[in-house]
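Observations on the three-dimensional arrangement
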Amino acid sequence: MELQCSVQNYAWGKRGSHSIIAELLESSDPEFTPKLDERYAELWMGTHPSGPATCKATNVKLAEYIATNGPAKILGEACVREFGDTEQLPYLFKVLSVDKALSIQVHPNKKQAEALHAARPNVYKDPNHKPELAVALTRFEALCGFRPIAEIQSYVKSIPELRACIGGDSGSSGSELEALLSSSDVDTQRQALRRCFASLMSHDKSCVAREQKKFLARLTGEDSESRRVLQAELFERLHEDYPGDIGCFVVYFLNYLVLEPGEAIYLRANEVHAYLSGDCVECMACSDNVVRAGLTPKLIDVETLVDVASFASAPADAKTFQPRAEEDDADEYSQVWRPDEPDFALAKISLPYNLEYSTRPRSSASILLVAQGCLEARVDGRDRFVSRGTSIFLAAGEVLTVKTNANEPVLIYQAFANVS
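Residues numbered from 1 in each chain as written. Predicted model: local features only at pLDDT ≥ 70, side-chain atom pairs only at ≥ 80, totals over all residues. Heavy atoms only, no water.

Per an unreviewed UniProt entry, the protein goes by the name mannose-6-phosphate isomerase and belongs to Trichogramma brassicae. Regarding the protein, the UniProt comment filed under Sequence similarities (unreviewed entry) reads as follows: "Belongs to the mannose-6-phosphate isomerase type 1 family." In UniProt, the protein has this text filed under Catalytic activity (unreviewed entry): "D-mannose 6-phosphate = D-fructose 6-phosphate". (UniProt positions renumbered as here; feature names shortened; annotations may be inferred.)

Quick word on the sheet that holds strand S1 (residues 3–4)
What holds strands together in a sheet is hydrogen bonding between their backbones, with the strands either parallel or antiparallel. An order of S1-S6-S7 is seen for the three strands of this open sheet, with the pairing classed as antiparallel. The open sheet has two edge strands, S1 and strand S7 (60–61), and neither has a second partner. Sheet topology places S1 next to strand S6 (residues 54–55); two bridges connect them, and they run antiparallel. What sits directly across from Gln4, in S6, is Thr54. (Pairing = 2+ DSSP bridges. Helix = DSSP H or I, 4+ residues; strand = E, 2+ residues; numbered from the N terminus.)

Thoughts on the environment of Val272
Looking at where Val272 falls in the secondary structure, it is placed in the loop between strand S13 (264–267) and strand S14 (273–285). Taking the C-alpha atoms as reference, Val272 lies 23 Å from Pro323; in sequence the two are 51 residues apart. Excluding residues that lie within four positions of it along the chain, Val272 makes contacts with Ile104, Gln105, Val106, Leu143, Cys144, Gly145, Phe146, Leu254, Leu305 and Ala309. (Contact = heavy atoms within 4.5 Å.)

A short note on the packing of aromatic side chains
Ring pairs (aromatic) are described by centroid distance and by the angle formed between their planes. A complete count under the given rule lists 16 aromatic pairs for this structure. Judged by centre distance (5.7 Å) and plane angle (40°), the ring pair of Tyr10 and Trp12 falls under tilted. Each ring, one from Phe197 and one from Phe311, has its centre 5.9 Å from the other, and the planes form 70°; the classification is edge-to-face. Here Phe311 lies in the loop between helix H13 (302–308) and strand S16 (324–325) and Phe197 lies in helix H9 (residues 186–201), a separation of 114 residues in the sequence. Exposure class is identical for Phe197 and Phe311. Each is buried. In this structure an aromatic cluster arises from ring pairing among Tyr155, Phe215, Phe235, Phe249 and Tyr252. Directly above the aromatic system of Tyr10 lies the positively charged group of Lys298, at a separation of 4.5 Å from the ring centroid. (Phe/Tyr/Trp six-rings, centres within 6.5 Å; stacked < 30°, edge-to-face > 60°. Buried < 20%, exposed > 50% of the residue type's maximum accessible area, 1.4 Å probe, protein only. Lys NZ or Arg CZ within 6 Å of the ring centre and 35° of its normal.)

Quick notes on the nonpolar core
Membership of the largest hydrophobic core comes to 55 residues, with the highest contact counts inside it found for Phe146, Leu162, Phe197, Leu200, Phe249, Tyr252 and Phe253. Of the domains in this structure, domain 1 (2–144 + 258–317) and domain 2 (154–248) are the two that each give at least three residues to this core. The residues contacting Leu162, other than those within four sequence positions of it, are Tyr155, Val156, Leu200, Phe249, Tyr252 and Phe253. Counting residues in hydrophobic clusters, the runner-up holds 46 residues, among them Ile21, Ile66, Leu75 and Leu137. (Core = buried A, V, L, I, M, F, W, Y, C linked by side-chain atoms within 4.5 Å. Domains from an automatic or database assignment.)

A look at the pattern of salt bridges
A full pass over the atoms with the stated rule returns 23 salt bridges. We note a salt bridge from Arg360 to Glu326, for which the minimum N-O separation is 3.6 Å. In this pair, Arg360 is assigned in the loop between strand S19 (356–358) and strand S20 (366–372) and Glu326 in the loop between S16 and strand S17 (334–337), connecting sequence segments 34 residues apart. As far as the burial class goes, Arg360 and Glu326 line up, both buried. Here Arg362 ties to Glu326 by a salt bridge, and the two come within 2.7 Å at their closest N and O atoms. You can see Arg362 sitting in the loop between S19 and S20 and its partner Glu326 sitting in the loop between S16 and S17, a full 36 residues away along the chain. Residue Arg362 is classed as buried on the basis of its relative accessible area of 9%. (Salt bridge = Lys/Arg side-chain N within 4 Å of Asp/Glu carboxyl O.)

Re the packing of helix H10 (residues 205–220) against helix H12 (residues 232–241)
It is at 11 Å that the axes of H10 and H12 come closest, and there the two elements cross at 135°. Compared by their axis directions, H10 and H12 come out oblique. Relative to H12, H10 is oriented so that their crossing is left-handed. Residues Gln212, Phe215, Leu216 and Leu219 of H10 form the contact with H12, whose participating residues are Ala232, Phe235, Glu236 and His239. (Axes fitted to C-alpha atoms, helices over the stretch in contact; angles between N-to-C directions. Parallel < 35°, antiparallel > 145°, perpendicular 65-115°, else oblique. Left-handed = near helix turned anticlockwise from the far one by under 90°.)

So, the layout of surface pockets
One number sums up the size of the largest pocket: a volume of about 720 Å³. Around the largest pocket, the lining comprises 37 residues; the ones closest to its centre are Tyr10, Asp288, Val290, Arg292 and Lys298. Partitioning the lining of the largest pocket into residue classes produces 16 nonpolar, nine polar and 12 charged. Each pocket or cavity is described by its volume, and for the second largest pocket that value is around 330 Å³. Lining the second largest pocket are 17 residues, and of these Leu89, Pro90, Lys110, Asn128 and Cys286 lie nearest its centre. Structurally, the lining of the second largest pocket is a two-domain feature, drawing no fewer than three residues from each of domain 1 (2–144 + 258–317) and domain 3 (324–416). (1 Å grid on protein atoms, 1.4 Å probe; cavity = no way out; pocket = protein on both sides within 12 Å on 5 of 7 lines; lining within 4 Å. Points joined across faces, edges and corners; volume = space filled by probe spheres on them. Nonpolar A, V, L, I, M, F, W, Y, C, P; charged D, E, K, R; others polar.)

Printed below as a string of structure tokens:
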């Protein structure tokens, strides 16, 4: 059945028809007209109470439909064994349309999320973990995980303004800075990185603003190669959107990634990251648990972020996540990303012209998003054309048979629980 999904209008989202979310909604709903000044940031497809989907034909909430018809029947017995007899899907499926950076953030693991929720339920309203997978729909930029220590050392040595915001060259901060720059022991480096990052993120705001202005002035006089090495364009862009925000300096600590359409990153719990621009589909555990520390007008909690974050270092290419062919080699049209979590998996189904195709029966309920193209399918009890932007819910074991037309290929993403 077709779903009516929730839209989140955050300040970092793309405006009006520039947002891919507005495009999807306009294509799938003839009554929808994007508002020029509205920012369409996220489309939520799932049962999370902050943005629940409804069954379009009946206007019944999806969670209510699951509860009424029985979780074992709708979600699947494997899903109920793993997550309990609940009306909630274990995953949340999204589309993001990012105009400017959205917060330096981390998602706590399940044990940490439960503790934070118990201690501060008004701030951390969700007790669940939130590992997540993002697949680019357009060119997509992100910061993800700490750079190799050698890269961080190089930036800290060559940017005196950054060193000043870590704490200068004297006192305890100076000692940690020296340990970060000189030690060859991995554990010592990691502890020094933790303390230097904490010092940076909690540095005096007026000092940060002053040092960033000095750095910007210096960047204007650098040659093109030095600007490239110093990620000048990225720093300048972040500073334009968030002037004086300490998050602008975080580009020298975190890996900078550019994904082309179809490429993915997998963010485990405790991984510090920030999305910068572009459009993606995202699948995650059913949670909205976020700890923020920069590039945001929302609550900043540096102490908690540093406490739960992982300070392991790895190169940028280690952060990408590859799909694999479906288990049945006869299906040449689909690939699947299966993270090391039971909560979710994501399939990409690419269909050519003039093809009849049946989706695989999944062990859990699934949600399909038609990301590109138009097709014929039986939805809500009748055969009809299904356009780009349509979200379709399938109960566990249910399949959808579609026919593509002669004019364009079809791209579908399917989210489901990673259980069997």
